[in-house]
Structure formats: C-alpha cells, structure tokens
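Residues per chain are reported as follows:
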Amino acid sequence: MDHFLYRDGALFAEDVPISEIAAAVGTPFYVYSTATLQRHFKLFDDALDGTDHLVCYAMKAASNQAILKTLAQAGAGMDVVSGGEYLRAKAAGVPGDKIVFSGVGKTADEIRTALTGGIRQFNVESEPEMQVINAVALDLGKVAPITIRVNPDVDAKTHAKIATGKSENKFGIPISRASEVYALAASLPGLEVIGIDVHIGSQLTELEPFELAYTKVAELTERLRSEGHNIRRLDLGGGLGIPYTRSNDAPPLPVEYGAMIQKTLGHLGCEIEIEPGRLIAGNAGLMVSSVIYVKSGEDRDFLILDGAMNDLIRPAMYEAHHDIVAVEEPAAGVEQRPYDIVGPVCETGDTFARQRNMPPLKSGDLIAFRSAGAYGAVMSSEYNTRPLIPEVLVNGDQFAVIRERPSFDEIINRDTIPGWL
Ligand SMILES: *Cc1c(COP(=O)(O)O)cnc(C)c1O
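Each value, and the rule that gives it
Residues numbered from 1 in each chain as written. Predicted model: local features only at pLDDT ≥ 70, side-chain atom pairs only at ≥ 80, totals over all residues. Heavy atoms only, no water. Phe/Tyr/Trp six-rings, centres within 6.5 Å; stacked < 30°, edge-to-face > 60°. Helix = DSSP H or I, 4+ residues; strand = E, 2+ residues; numbered from the N terminus. Buried < 20%, exposed > 50% of the residue type's maximum accessible area, 1.4 Å probe, protein only. Near = heavy atom within 4 Å. Polar contact = N/O pair within 3.5 Å; in protein donor to acceptor, adjacent residues only side chain to side chain. Areas by Shrake-Rupley, 256 points an atom, 1.4 Å probe, with all protein chains shown as cover. Nonpolar A, V, L, I, M, F, W, Y, C, P; charged D, E, K, R; others polar. Domains from an automatic or database assignment. Buried area = accessible area lost by both parts, 1.4 Å probe. Salt bridge = Lys/Arg side-chain N within 4 Å of Asp/Glu carboxyl O.

Description of the packing of aromatic side chains
Then comes step 1: Within this structure, the stated rule accounts for 7 aromatic pairs.
Then comes step 2: Ring geometry for Phe44 against Tyr257: centres 6.3 Å apart, planes inclined by 90°, an arrangement best described as edge-to-face. Here Phe44 is found in helix H2 (residues 34–47), whereas its partner Tyr257 is found in helix H9 (residues 254–265), with 213 residues between them in sequence. Taken as a pair, Phe44 and Tyr257 share a single burial class, namely buried.
Then comes step 3: Members of the aromatic cluster, joined through ring pairs, are Phe44, Phe210, Tyr214 and Tyr257.

Below, the structure written as structure tokens:
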C-alpha cells in the first residue's frame, strides 16, 4: 500500500494532486510521500519489537536530507557507504552514534571524518581496511567499534548487478576465514570488535537466502564467542524486495522477515541491526514526467517523455520494470494501446518500457513512474546537460521542494576553462 491513489479521476500524493505539483515545479520531478516513508520504517521497527534493535535506513536508496530527517524523527539510524553520505546524515541531524559505515572501499579520509564526528560502528570488509581503521583510530587517540562483514556464499536469487553474497563478489571476507580475521582484529589496539555484519544483496523476493545466511551467522556467533570474542551486535544488512508491479507475487513482508530473524538469531541475545533501503523508499516515491510527443513509427508508436535515463536509470541499468500510469485516471473501459515509452537522450538504452499498454495520451499529458523512490534521484546525472530534476516531499495536504532544479547557468558555470584556451 502507498499513498499515491486516484481521487475523482486524478492521481494524488497523499492529499495533494500531482497536477498541482507539476504546475508549481514543472516536469520531470520526483515526489515522495511522508506517510509512506514513516509507515515503511514502522513496519521494520515493529517487526523487531521485543528485540533490542536499530533500523538503520540505507540512505544510498534516497538520500535527500528531508527524507533522512523524516526517518530519523521516526527513530531510524542511518547506514552510510561514503564520507559524503556520512556528512549528509550529520547535516540532517542524525547523531554519530546512530550512523553505521558500510562499504568495501572506505578511504583513510572517510574513516577519519567518521571517527572525528562519531560513529556507531564500521562494517569492515577486508584486512587492509581493518589496518587502516586501526591506524587512523590510534592516530586520533580513539578506539573504533567494528563488525566484520562476512560473505556467507549464498545465492540471493536477484539481479546479478545487485547480488553481493556469493564468494565471487567483492564484498566481505569469506566466512571460512572468519576466525583468523577476527583474531587479527582483536589484536589491534585501535579496534573494538563488537559484532558480525552480513548483506547478501538487494531486491530479494524470498526469505530463504536470508535464512541461509543468518543461520550461518548464528553458527559463526557461537564459534567466535567460543574463541573469546564478545559478539553482541549482529548487522543483518538490507535487501528485502518490493513489489514493482501490482500483479506479480508480493515479496515477503517485513513482519515475516522479522519473525525469521527472531527464529534464527533470537536465542543469541544480540542487539540486531537491519539496513533496509529500497523497501522504505521505493514505493514512497514517483517520478512524474510529461509527454513531449506521440510519435508513430513504422511498426510501433512511441511516447517521447521529458524524463530520461539520466533521471531514472533503473530500466537501462537493471532491465527494471516500473509501472507507468497516466496522472489523469483513464475512463473505465477506455481502449489501451501499446507504446514504447522513451526519453529524449540519444541512446537506444533510453527506453523505459517496450510495448506497454497505455490509455490515449497526447503532448503535455502527465504520466507517473511508480516505485521510483529508491535508486531513482540518487542515481541521476546531468548526461546530455539535462538538469538534475527537482525532488518534492508531500506531507498531508502540504508539499515542499526539497531539492531545486539547477539553472542552466549553474550547470554550465561549474566548468572552468584553463588559461591557455
Ligand atoms: C545497498 C545496501 C543496503 C540496502 O539494500 P536495499 O536493497 O536497498 O534494502 C544495505 N546495506 C548495505 C551494506 C548495502 O550495500
């Protein structure tokens, strides 16, 4: 369920008509629903009720500070994967002791930034990284809390580009080497080993791979404890999938995921952390675009939009499906026709959908991409010198622009011309 519904023949975001936002900010734009963000966070928080836990929103999914603040006020911590994300979370008012630092290539500068500003823990992904965290911590006269990310070698059964838990992936250390690596960590005076971290991929639509991984984490917890490590926190990563279509089988619910966590890990008495991103933000956002032209081709018709692959790259990058709907609700029984729905960028990859049935549309009509809240705005670029599109947050009957569309001057003036030209 989300808060983007038709009312009296028009698509709304909560209590605001999409057409009203479009008139105010122009298209294309992203729009997010506060109520949906809050609801999705609460589903996870409630799913772990009764267990000491923290839901750390994986902010790479959608990192506008207004979104971070909305979730932080609901009680979320943050999972960051770069120094920039760390600073952004801090700027949104998230305290360091609720920020977890993940990612396979943290630099010494990023580590220093986080240790100086305060950090809940680093999720360490390799021995060389462990040595650098130790060195930076000693240099600052601090002790860095760490977990070590283990790679459980399970098949997440998701798109290859977002599977992270197989031994051939670049992430974590092999679980078979855990004893050795934990012993090394324990010997380094700048580190305090507090737990284990695992994250096997994104858009998982079954619980089974999680359960396999978490069962291995449970065994590892007992083994490491018997080797003298005080394992007291388990970071279980993110990755629970969302329905991208209304018709297909729904992925497991957070409540089912939470019950499985309690079943596989509850007996260990550890504090549980989870890092959902997509499930919190994905269905909390739309990308709204206008039809520029309806073009009749030789064997097919095209809807050419003012939104493009640089604004929403998921279809081009992951062959991802987004439901695409007309903002003006089609009359009941109206005949739908197949279109290729494309952007204006000069690449055939700039295709959002092929032969998608749509109601009759004309130049200037508004359409909305559903499930665009996660890995949408954050992955956008200014390819073709197309300005980053605005982001808007709705809350009940109010809306606010939370990132402005830059002017062409701002974009063009970012270049500097060397003196010899
Ligand atoms: C991407 C990522 C997440 C979030 O994954 P979702 O599929 O968006 O829930 C969580 N933790 C880590 C380490 C990640 O890289």
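There's plenty left to go through after this.
What about the site of the ligand?
Then comes step 1: Every one of the 15 residues lining the ligand counts as a neighbour, but Lys60, Ser202, Glu275, Arg278 and Tyr375 are closest to it.
Then comes step 2: Between the ligand and Lys60, the relevant distance is 2.7 Å, taken from an oxygen atom to a side-chain nitrogen or oxygen of the residue.
Then comes step 3: A distance of 2.3 Å separates an oxygen atom of the ligand from a polar side-chain atom of Ser202.
Then comes step 4: Compared with its free state, where it exposes 390 Å², the ligand has 93% of that area covered by protein.
Then comes step 5: Here the residues of the shell around the ligand sort into 3 nonpolar, 7 polar and 5 charged.

So, the domain arrangement of the chain
Then comes step 1: With domains assigned, the chain is organised as domain 1 (4–31 + 282–412) and domain 2 (34–279).
Then comes step 2: Summarising the inter-unit geometry, the C-alpha centres of domain 1 and domain 2 are found 32 Å apart.
Then comes step 3: For the pairing of domain 1 and domain 2, the buried interface totals around 2000 Å² over both sides, and the portion due to carbon and sulfur atoms is 53%.
Then comes step 4: Where domain 1 meets domain 2, there are 0 salt bridges.
Then comes step 5: Between the two partners, domain 1 and domain 2, sit 12 residue pairs in polar contact (both at pLDDT 80 or more).
Then comes step 6: Elements with a minimum of two residues in the side of domain 1 that touches domain 2: helix H11 (314–318), strand S20 (391–395) and strand S21 (398–403).
Then comes step 7: Broken down by element, the residue count for the side of domain 1 that touches domain 2 peaks at 4 residues, all from S20.
Then comes step 8: Looking at the side of domain 1 that touches domain 2 residue by residue, the class counts come to 9 nonpolar, 8 polar and 7 charged.

Observations concerning the side chain of Ser371
Then comes step 1: In this fold, Ser371 is placed in the loop between strand S19 (366–369) and S20.
Then comes step 2: Among the polar contacts listed, one links the side chain of Ser371 to the side chain of Asn283, at a separation of 2.6 Å.

Description of the pattern of salt bridges
Then comes step 1: Evaluation of the coordinates by the stated rule reveals 23 salt bridges.
Then comes step 2: Note that Lys166 and Asp153 form a salt bridge whose closest N and O atoms lie 3.6 Å from each other. One end of the pair, Lys166, is in the loop between strand S9 (144–151) and strand S10 (173–174); the other, Asp153, is in the loop between S9 and S10, with 13 residues separating them in the sequence.
Then comes step 3: Lys166 gets classed as partly exposed once you look at its relative accessible area, which sits at 28%.
Then comes step 4: On the accessibility criterion, Asp153 (35% relative accessible area) is partly exposed.

What about unusual backbone geometry?
Backbone geometry follows two general trends: most residues other than glycine have a negative phi, and most peptide bonds adopt the trans configuration.
Then comes step 1: Omega for the bond connecting Thr27 with Pro28 falls within 30 degrees of zero, at -10°, which places this linkage in the cis form.
Then comes step 2: Looking at the secondary structure, you find Pro28 in the loop between helix H1 (18–25) and strand S4 (29–33).
Then comes step 3: Unlike most non-glycine residues, Lys157 shows phi in positive territory, near 55°.
Then comes step 4: Relative to the assigned elements, Lys157 resides in the loop between S9 and S10.
Then comes step 5: With a relative accessible area of 44%, Lys157 lands in the partly exposed category.
Then comes step 6: Here Glu319, not a glycine, exhibits a phi torsion of approximately 55°, which is positive.
Then comes step 7: Along the polypeptide, Glu319 turns up in the loop between H11 and strand S16 (324–326).
Then comes step 8: On the basis of relative accessible area, Glu319 is assigned to the exposed category, the value being 62%.

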